[in-house]
Amino acid sequence: GRIVQTDTPEEIYRRPINPFVAAFVGETNLVDGSVESVEGKFAVVSTQLGVLRGIVSSPAAPRKGDRVVLSIRPEDIEPADQAGGNVLSGEVASYSFLGDVGQIVFKSGSRAVRALLIAPSGAEKPHYLRLPPEKVLVFCSEDSDARDA
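Thresholds applied
Residues numbered from 1 in each chain as written. Predicted model: local features only at pLDDT ≥ 70, side-chain atom pairs only at ≥ 80, totals over all residues. Heavy atoms only, no water. Pairing = 2+ DSSP bridges. Helix = DSSP H or I, 4+ residues; strand = E, 2+ residues; numbered from the N terminus. Axes fitted to C-alpha atoms, helices over the stretch in contact; angles between N-to-C directions. Salt bridge = Lys/Arg side-chain N within 4 Å of Asp/Glu carboxyl O. Buried < 20%, exposed > 50% of the residue type's maximum accessible area, 1.4 Å probe, protein only.

## Quick word on the sheet that holds strand β3 (residues 50-56)
In space, the 5 strands of this closed barrel follow the order β1-β2-β3-β11-β4, with mixed pairing throughout. Strand after strand, the sheet turns through a mean of 55° between neighbouring axes, direction not considered. As defined by bridge partners, strand β2 (residues 42-47) adjoins β3 across 6 bridges and the pair is classed as antiparallel. Within β3, the residue paired with V45 across the bridge is L52.

## Section: the sheet that holds strand β7 (residues 91-97)
Spatial strand order, β7-β8-β9: 3 strands in an open sheet with antiparallel pairing. Each edge of the open sheet is held by one strand with a lone partner, namely β7 and β9 (111-118). Taken over all neighbouring pairs, the strand axes of this sheet differ in orientation by 20° on average, direction set aside.

## Re the pattern of salt bridges
Any two side chains of opposite charge can pair, given that their charged atoms come close. Tallied over the full model, the rule gives 7 salt bridges. Two residues, R14 and E75, come together in a salt bridge whose shortest N-O distance is 3.7 Å. Of this pair, R14 sits in helix α1 (residues 9-14) while E75 sits in the loop between β4 (67-72) and β5 (78-79); the two residues are 61 residues apart in sequence, bridging distant segments of the chain. We classify R14 as partly exposed; its relative accessible area is 33%. Owing to a relative accessible area of 29%, E75 belongs among the partly exposed residues under this scheme. The salt bridge involving R53 is made with E39; its shortest N-O contact spans 3.4 Å. Taken together, the residues R53 in strand β3 and E39 in strand β1 (residues 29-39) connect sequence positions 14 residues apart. Here R53 falls in the partly exposed class, since its relative accessible area comes to 30%.

Encoded structure:
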């Protein structure tokens, strides 16, 4: 093996340098996509989940048309009341009560994501989930080669 990133545990968890590190240090949803546009430090990406906005986390900024990988931590996903920007619509495919959190698998179109909901009730079955753009990390696809490191 080789060392891919060195920093504090929190920094590595919150700001991994590539999808491999993101998956290695904790649970994450990795989603492939294609860049539609770049707006400052954010990229707008077309994915199987729909069009999502996320923060560019690669050393080099992606350009329109580039293949990218998004990393979204389950605990960063929030229930939403209605459709909108960075909001998935779908249904809960499975629910596990874990005490102060509930783990769900949420199916949106042909894709599923894992989410952790704080202080859930067994009846809580969201039809919409919000992915805060500042918590959606966008990596250039060449960074994803490190998945197999």
